[in-house]
Number of protein chains: 2
Amino acid sequence: MKELQVALNNDRSYPIYIGSGLLAQADLLTRHIRSKQVLVVTNETIAPLYLAKLQTALGDYQVETVILPDGEQYKTLQYLEKVFDQLLAKKFSRNATLIALGGGVIGDMGGFAAACYQRGIAFIQIPTTLLAQVDSSVGGKTGVNHPLGKNMIGAFYQPQCVIADADVLDTLDDRQLSAGLAEVIKYGLIRDPGFLEWLETNMPKLLARDKDALAYAIERSCVNKAEVVGEDEFESGVRATLNLGHTFGHAIETGSGYGHYLHGEAVAIGTCFAADLSRRLGWLNDADVNRIIAVFKAANLPVTPPKEMTTEHYVDLMAVDKKNIDGKIRVILLEAVGKASLPVNVDLAQLQATLNGYAG
Amino acid sequence: MKELQVALNNDRSYPIYIGSGLLAQADLLTRHIRSKQVLVVTNETIAPLYLAKLQTALGDYQVETVILPDGEQYKTLQYLEKVFDQLLAKKFSRNATLIALGGGVIGDMGGFAAACYQRGIAFIQIPTTLLAQVDSSVGGKTGVNHPLGKNMIGAFYQPQCVIADADVLDTLDDRQLSAGLAEVIKYGLIRDPGFLEWLETNMPKLLARDKDALAYAIERSCVNKAEVVGEDEFESGVRATLNLGHTFGHAIETGSGYGHYLHGEAVAIGTCFAADLSRRLGWLNDADVNRIIAVFKAANLPVTPPKEMTTEHYVDLMAVDKKNIDGKIRVILLEAVGKASLPVNVDLAQLQATLNGYAG
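Cut-offs used in this document
All residue numbers refer to positions counted from 1 along the written sequence of the respective chain. As a convention, the first chain written is A and the first ligand written is 1, with the rest following in written order. Given that the model is predicted, a residue must reach a pLDDT of at least 70 before its local features are reported, and side-chain atom pairs must reach 80 or more before they are shown or counted; all residues, however, enter totals for whole chains, interfaces and linings. As a rule here, side-chain values cover all heavy atoms of the structure and leave hydrogens and water aside. For every residue, the accessible area (1.4 Å probe, protein chains only) is compared with the maximum for its type, and the residue is labelled buried under 20%, exposed over 50%, or partly exposed between those bounds. Under the scheme used here, helices are H or I runs from DSSP no shorter than 4 residues and strands are E runs no shorter than 2 residues, and both carry numbers assigned from the N terminus. A pair of strands is considered paired only if DSSP assigns at least 2 bridges between the two. To get an axis, a line is fitted to the C-alpha atoms, and for a helix only the part in contact is used. The angle between two axes follows their N-to-C directions and goes from 0 to 180 degrees. Working rule for contacts: check all heavy atoms of both residues, and any pair within 4.5 Å makes them a contact. We define buried area as the total accessible area lost by two parts upon association, computed with a 1.4 Å probe and summed across both. Any Lys or Arg side-chain nitrogen located within 4 Å of an Asp or Glu carboxyl oxygen qualifies as a salt bridge. The definition of a polar contact used here is a pair of N or O atoms within 3.5 Å, where within protein one atom must be able to donate a hydrogen and the other to accept one, and adjacent residues in sequence count solely through side-chain atom pairs. Throughout this entry, Asp, Glu, Lys and Arg are counted as charged residues, while Ala, Val, Leu, Ile, Met, Phe, Trp, Tyr, Cys and Pro are counted as nonpolar. The remaining residues, Gly among them, count as polar. UniProt positions are given in the numbering used here, feature names are shortened, and annotations may be inferred rather than shown by experiment. Each residue after the first adds 1.5 Å to the expected span of a helix. The bend at a residue is defined as the angle formed between two axes, one fitted to the seven residues ending at that residue and one fitted to the seven starting there.

**Section: the pairing of strand β9 (residues 161-165) of chain A**
Residues and elements named next belong to chain A.
Stage number 1. Among the five residues of β9, five are classified as buried, and the element is accordingly described as predominantly covered.
Stage number 2. Side chains of β9 alternate between two faces, with C161, I163 and D165 and V162 and A164 buried alike.
Stage number 3. Judged from the four bridges that link them, strand β2 (residues 14-19) and β9 form a sheet pairing that is parallel. Bridge assignment links I16 to a residue of β9, and that residue is V162.
Stage number 4. Relative to β9, strand β6 (residues 122-127) is paired through two bridges, and the arrangement is parallel. Across the sheet, residue Q125 finds its bridge partner in β9, namely V162.

Next up, the structure:
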């Protein structure tokens, strides 16, 4: 087992445990649990696979559960309320612990519920998708979607620990695996060109679920994520670079209806947008853009957007992105392959040209 | 105008402005507003009285509004969502500012919406009830109610400033004025015996809305609140003493249906419970308890509970209080008149005796 540290101020630092068979190691959990009251938030897909294992590991505790439907379309205030209902029905105290057992949706909702219940209880992330293990479970971004914008309602709220058990990827379907690789590739593109080269070489192994290759990809992704978050917990600067492709991606997710595209799929398409826009600014050349498209394709990810979305649709949806200031649309681009820009105000004509190019 | 400071760590300190005619002083507001986007959250009672004045003061800004129905029964996630709907419909950025113009309900909801929207935007408290001016607008507790428990969903989130304009109390009805006095009396009981004596002498002036007396009561209350919050922002210790009477009070509010009792009324009754329980522990004598009941009566506040609530009902409702640990009911009591206890585990037999005494 590897242990990485997310180094934050004010006692908010926490470990990420990465390895095999971690779900059965009760002490990894129990050292971070404050009282006997534990609520596991999970979903209908994950519960039959891993909930019993977790309950066995926590045999001495009062373990209650909330099982949500599976999918981004359920990441809403309405479904969040089901978590509060259960916490209150079971009379859970402020020293209770919430465990989020699932992918990014469960982690975001569980974390946000923990942030809000009695103004904050402890929580533990047990990510069960590659995407959640390499990205969303680390760094304390929690929240739910609004019909008009993704992740628009939420909190920065750090977990007590993250337990990334590579064994759970065995049950992940191929589409979900590829979606996770989109965020893995992102780290290579924004700040780790050596990792990008490794990914270009080892993509077949990753898709074949080679254990060592996956473990390495998870660890190196988490190291990158932890460094960025440790430097800028509340996204006043460099943390925004983790949003490469996300402004476009969120617009695609919102515009096509939550749950239609997986988050990682939308991010892959969005990153190809960003690469094209970077080329229009003279930061990337044609070979760079083609290389970026190729690595996403190698991961079996989509690189072209939904045909039904118009340019106006994108501009409208991107106008509520969290990076925007005073209504100006701001995106992360690439100054080079392996080097993200800080948020840049988008020239609308160039944005339209990019979107037209893709929509065309 | 007086300016008090709430002294907190990590740049979260902020001023409380107390005085007359403050709503018309645009610069008090504008120095705390980050961009042109301003959302005013208020209610149907307050909007006709003060919204236009605020809009005039903010003539140069894009001022949008959300007008909620008036009452504790609307302090829910469902009504909170109306604030998010408007923020997103108007495409407000993360540097937008939310102004909560109203009593405790509006302040709690506005603050919580600001805490969650895009994981946190700036907000300003303009309390329009005595209760909000002396208590709920100061200290950063925000949130909404759940059918099973009051203030169970929320965040610690500090405003940029609090503007307590004593003029707005002119339009406050007598019942609301008295409800505010319950929290004023609380400061005397928990930590400021000299203030309690002043209140015993000056209660008729306060009820007659003597401007100087009200201004003094607001200021001294805010000084007390700011000191306690500055010492213990996140309620790991002394801040819990501000909850004197609130554990019982919340049970009364929840049990009798939100909106039936005003918060201050329920706190007055709950504080009389707490006094009785303190007597049973030998901390207060009969004269102390009678003195406490007398000061609430002098403020035209209720001191006996709703007849329809049973002892079992109280115990059940108090079992979800935020001060509880591992299911044990904990309350703030009085070690003396003018000196609160820290949370104490309640002896159920004594609690039953107190409740039976009141219910009988």
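**Some thoughts on the sheet that holds strand β3 (residues 37-43) of chain B**
Working definition: the strands of a sheet are paired by backbone hydrogen bonds and lie parallel or antiparallel to each other.
Residues and elements named next belong to chain B.
Stage number 1. The sheet built from seven strands is open, its strands ordered β1-β2-β9-β6-β5-β3-β4 with mixed pairing. With partners counted over all chains shown, the strands left at the sheet margins are β1 (2-6) and β4 (62-68), one partner each. Averaged over all neighbouring strand pairs, the angle between strand axes comes to 20 degrees, with direction disregarded.
Stage number 2. Bridge count for strand β5 (residues 97-102) against strand β6 (residues 122-127) is six bridges, and the pairing is parallel. When the bridges of β6 are listed, G102 appears paired with P127.
Stage number 3. Sheet strands touched by helix α4 (residues 104-116): β3, β4, β5 and β6. Its angle to β5, the strand with the most contacts, is close to 170 degrees.

**What to know about the interface of chain B and chain A**
Stage number 1. The interface of chain B with chain A comprises 41 residues on the first partner and 41 residues on the second.
Stage number 2. Where chain B abuts chain A, roughly 3,700 Å² becomes buried across the two surfaces, and 52% of that area is made up of carbon and sulfur atoms.
Stage number 3. The interface formed by chain B and chain A includes four salt bridges.
Stage number 4. As a salt-bridge pair, K91(A) and D316(B) come within 3.1 Å of each other at their nearest N and O atoms.
Stage number 5. Where chain B packs against chain A, one counts 14 residue pairs in polar contact (both at pLDDT 80 or more).
Stage number 6. Among the elements of the structure, α3 (77-89), α4, β7 (141-146) and β8 (149-156) of chain B are those that each provide at least two residues to the side of chain B that touches chain A.
Stage number 7. Among the residues forming the side of chain B that touches chain A, the class breakdown is 16 nonpolar, 12 polar and 13 charged.

**Description of the UniProt feature "domain: 3-dehydroquinate synthase C-terminal" (unreviewed entry) in chain A**
Stage number 1. The feature "domain: 3-dehydroquinate synthase C-terminal" (unreviewed entry), as annotated in UniProt, sits at residues 180-324 of chain A in this numbering.
Stage number 2. Note that residues 180-324 of chain A is 67% helix and 0% strand, and that its end C-alpha atoms are spaced 26 Å apart.

**Quick word on the side chain of H32(B)**
Residue and element names in this part refer to chain B.
Stage number 1. As for its placement among the helices and strands, H32 is situated in the loop between α1 (26-30) and β3.
Stage number 2. A distance of 2.8 Å separates a polar atom in the side chain of H32 from a polar atom in the side chain of Y17.
Stage number 3. Residues within four places of H32 in sequence aside, it is in contact with P15, Y17, T97, I124, Q160 and C161.

**Brief notes about helix α7 (residues 193-207) of chain A**
Because the α-helix completes a turn every 3.6 residues, residues three or four places apart line up on one side.
Residues and elements named next belong to chain A.
Stage number 1. An ideal rise of 1.5 Å per residue puts 21 Å on 15 residues; α7 measures up with 20 Å between its terminal C-alpha atoms.
Stage number 2. In the structure, α7 departs most strongly from a straight axis at T201, where the bend amounts to approximately 60 degrees and where the proline P204 lies between one and four residues downstream.
Stage number 3. Along α7, the residues that are buried comprise F195, L196, L199, N202, M203 and L206.
Stage number 4. Close packing links the buried residues of α7 with α6 (174-191), α8 (211-231) and α11 (286-298).
Stage number 5. Within two residues after α7, R209 carries a phi angle of roughly 60 degrees, on the positive side.

**A short note on the UniProt feature "binding site: Zn(2+)" (unreviewed entry) in chain A**
Residue and element names in this part refer to chain A.
Stage number 1. In this numbering, the UniProt entry assigns the feature "binding site: Zn(2+)" (unreviewed entry) to E183, H246 and H263. For the annotated residues, spread through 81 residues, the largest C-alpha to C-alpha distance comes to 10.1 Å, consistent with a single compact locus.
Stage number 2. For E183, the position within the fold is in helix α6.
Stage number 3. Judged by relative accessible area, E183 falls into the buried class, the value being 0%.
Stage number 4. For E183, the contacting residues outside a window of four places in its chain are L131, V134, D135, H246, H263 and V267.
Stage number 5. Following the sequence through the fold, H246 ends up in helix α9 (residues 246-255).
Stage number 6. Discounting chain neighbours no more than four positions away, the residues touching H246 are E183, K186, H263 and V267.
Stage number 7. A polar contact is formed between the side chain of H246 and the side chain of E183, at a distance of 3.0 Å.

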